[in-house]
Amino acid sequence: MTTPFVEPDVSINFEVTTEKLVEPELHAILKPAAEKPAFGEAGPQAGDTTLITSTTVIVSLGKSSKISTESFRQSGGGLARWLDQQRISKIHIDADALDEFHIAGSLPALLEGLLLGSFRFDRYKKKDEQPVNSQVVLHSTQPETVKTAIWRSQRICAAVNLSRDWSHEPANVINPITLAERAKAVADQSGLGCTILDEKELEAMGAGAIVAVGKGSKTPSRLIILQYPGNNPPAGTQPIVLVGKALTFDTGGYSLKDVTNIQTMKYDKCGGLTVIAALRAAAELKIKTPVIGVIGAAENMISGEAYRPDDIIRSLSGTTIEIISTDAEGRLVLADALTYAQQKFQPRAIIDLATLTGGVVVALGHSRAGLMSNDDALARQLFEAGEETGEKLWRLPLDDEYFKLIKGDDADIKNSGGREGHAILGGMFLKQFVNEDTPWAHLDIAGMADSPKDLPYCPKGGTGFGVRLLLHYLENL
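Computed from a prediction, not measured in an experiment: that's the story for all the values here.

Caption draft 1: Inspection of the pattern of salt bridges at higher detail. Using the criterion set out here, one finds 22 salt bridges in the structure. As a salt-bridge pair, D250 and K257 come within 3.5 Å of each other at their nearest N and O atoms. Note on K257: relative accessible area 17%, which makes it buried. A network of salt bridges, in which partner residues are shared, links E70, R73, E112, E391 and R468.

Now the structure itself:
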């Protein structure tokens, strides 16, 4: 099965007017919930939507004492879901009324919630009826400010939804080769530079780790490099390099996953998709800082060519790696991608994103991604970007003692050190492939890249986690 690259479907359109809202028109009012609901009741949560008259919809912001920017995203997501369920084609909102809450960024957050909450992936479903496109009319005495907020939100959310859309695509549609083709199409569309290295080029340059992971598949590995030069940066400005893991499917190789854990492995490419989407948005938003994306794409399969436990492979850095588990493959792909990024681009900082370990889900659940870093300033910037965007992080240690668990017996390093401190060991492995004087952060997004249930502004499945966080970080450098 193949499908051409198409933009994801979003059912929200905006109109801005300076005219006052007329009561007979269907309109939404954002309102705090009761601070003390009746005994035994949870009270309205942010995003709960109720039609109280034929023309008035109340959208809850949650408890008044806890209203934040995130409350407006969730209310936008709840309203988007209600518009879709009720098949509403037009609704009005008084944008100026948001000012009374005195929450910075309330309008952009509401717009994000609407755009992200209206995402759907139904490309392969039979449709009994055509979906309704809802027009949201925003009334404001400052129309240009609102139009600017809409323009920005549309580009940011289009990138998030692109990442979500591609994450849903199965491995018989997106593999390392077709992902590279899609990335090239995005680059051409957005004015990005694009270089794609195939398995022969990777093998010739000595990138034995990423090549080994893809050996068992009929669709071999690719290294995808996207380049955004920045919007007139000062001469000599070093780029920020974003590195993404894109395992288009992960069987675990000969360390085969069980029946339950092998499901949803199409989402193992989400780190790489976040990087592609962030590069596109950086170009559209004309971010000042130069940004490079390096995406390691591979498919971890089983065949007579596949790599095995006990194999010793040589990475691009020259470090030899003893294979303990073929299911610890993402760090191998990232090891060569990190080395390539430093050899070619002399980065100001490197940030890698990967659905790397189940251990981070055990540690942090599905509320925060793991953050590991060799640089306190970079870690703080990313943490704060996460708090602002609702894509939250939590820092884990990288003490030298952890290295003992991955020190090699017959090679320089092992690719797995057991269950204890599993997420940290993944980060410690990657740290060995980063120069000490290069600021670097590792984001383990395994618990955040996809969701088994609907979220306030994301349906079940791929979340696009990290795109908004990275853009906030880049814009605020």
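Caption draft 2: The sheet that holds strand β14 (residues 320-322), seen in detail. Pairing is mixed across the open sheet formed by three strands, whose spatial order is β13-β14-β18. Every interior strand has two partners, whereas the edge strands, β13 (312-314) and β18 (413-414), have only one. Bridging between β13 and β14 involves three bridges; their strand directions are antiparallel. Bridging across to β14, R314 finds its partner in T320.

Caption draft 3: Spatial organisation of the nonpolar core. Core analysis: the largest hydrophobic core is formed by 92 residues, its most contacted members being L79, I351 and L382. The leading source of residues in this core is helix α7 (residues 270-284), at ten residues. Look past the residues within four positions of I351 in its chain and what remains in contact with it is I240, V241, L242, V243, L378, L382, A441, L443, L470 and Y473. In this structure, A212, L223, L247 and F429 belong to the second largest nonpolar core, which totals 50 residues.

Caption draft 4: Region of interest: a nonpolar patch on the surface. Side chains of Y254, L256 and I302 sit close together on the surface and give an oily, nonpolar patch of about 290 Å² of accessible area. As for its placement among the helices and strands, Y254 is situated in the loop between β11 (240-250) and α7.

Caption draft 5: Highlighting the pairing of strand β16 (residues 369-373). Burial within β16 is extensive, with five of its five residues counted as buried. The alternating pattern of β16 places A369, L371 and S373 on one face and G370 and M372 on the opposite face, and all of these are buried. Looking at chain direction, β16 and strand β19 (residues 440-444) are connected through four bridges and run antiparallel. Directly across from M372, in β19, lies its bridge partner H442.

Rules behind the numbers
- Residues numbered from 1 in each chain as written.
- Predicted model: local features only at pLDDT ≥ 70, side-chain atom pairs only at ≥ 80, totals over all residues.
- Heavy atoms only, no water.
- Salt bridge = Lys/Arg side-chain N within 4 Å of Asp/Glu carboxyl O.
- Buried < 20%, exposed > 50% of the residue type's maximum accessible area, 1.4 Å probe, protein only.
- Pairing = 2+ DSSP bridges.
- Helix = DSSP H or I, 4+ residues; strand = E, 2+ residues; numbered from the N terminus.
- Core = buried A, V, L, I, M, F, W, Y, C linked by side-chain atoms within 4.5 Å.
- Contact = heavy atoms within 4.5 Å.
- Patch = residues over 30% accessible without salt bridge, like charges linked within 9 Å, V, L, I, M, F, W, Y side chains within 5 Å.
- Areas by Shrake-Rupley, 256 points an atom, 1.4 Å probe, with all protein chains shown as cover.

Fair warning: the whole summary comes from geometry, so function is off the table for now.
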